[in-house]
Amino acid sequence: MTLVEPGSYATDRGGPSAVHVSANPAYGGVREQLDAFVQSLDFGDPTAASEALLEIVDSDNPPLRVFFGTQGNHMLPRVYADRLKTWADWGDLSIRAQGGQAA
């Protein structure tokens, strides 16, 4: 089984077929930031995603996890590097939390 982490694609997700509710003014600032972020995205071609998915299905050695689109490949290496550093920085505490002694 492969877990596909999709990026943004040029679909009708937020278009005329979407159902919208009345905007709550309390979230106006958040909504503006989210809209600005969405405008900065590089929306992919859904046809290319379907072709990539079929390539995974036909693979003799499919990945456990894969990104579709560019966002994950740009963001996640930094996120995981930060996590690895935090875990290393707090490694002694982790060992003590189990009742062991840090080296």
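Everything discussed here concerns the structure shown above.
Described below are features of the structure shown in this document. Values in this document were obtained by computation on a predicted structure and should not be read as measured data.

Some details on the pattern of salt bridges
- Throughout the structure, instances matching the rule amount to one salt bridge.
- A salt bridge links K85 to D89; its shortest N-O distance comes to 2.6 Å. Of the two residues, K85 and D89 both sit in helix α3 (residues 71-89), four residues apart, roughly one turn of that helix. We note that K85, like D89, is exposed.

A word on the side chain of Q71
- By secondary structure assignment, the location of Q71 is in helix α3.
- In this structure Q71 comes out as buried when scored by relative accessible area, which is 14%.
- Of the polar contacts made by the side chain of Q71, one reaches the backbone nitrogen of S8; its length is 3.2 Å.

Quick look at the side chain of S8
- Considering the arrangement of structural elements, one finds S8 in the loop between β1 (3-6) and α1 (28-40).
- Residue classification places S8 among the buried residues on the basis of a relative accessible area of 17%.
- For S8, the contacting residues outside a window of four places in its chain are L41, D42, F43, G44 and Q71.

A few points about the environment of P77
- Secondary-structure assignment places P77 in helix α3.
- A residue is classified by how much of its surface remains accessible, and P77, at 52% relative accessible area, is exposed.
- Sequence spacing of P77 and N24 is 53 residues, and the spatial spacing of their C-alpha atoms is 35 Å.

Definitions and limits used
Residues numbered from 1 in each chain as written. Predicted model: local features only at pLDDT ≥ 70, side-chain atom pairs only at ≥ 80, totals over all residues. Heavy atoms only, no water. Salt bridge = Lys/Arg side-chain N within 4 Å of Asp/Glu carboxyl O. Helix = DSSP H or I, 4+ residues; strand = E, 2+ residues; numbered from the N terminus. Buried < 20%, exposed > 50% of the residue type's maximum accessible area, 1.4 Å probe, protein only. Polar contact = N/O pair within 3.5 Å; in protein donor to acceptor, adjacent residues only side chain to side chain. Contact = heavy atoms within 4.5 Å.

As far as function goes, none of this settles anything; it's purely spatial.
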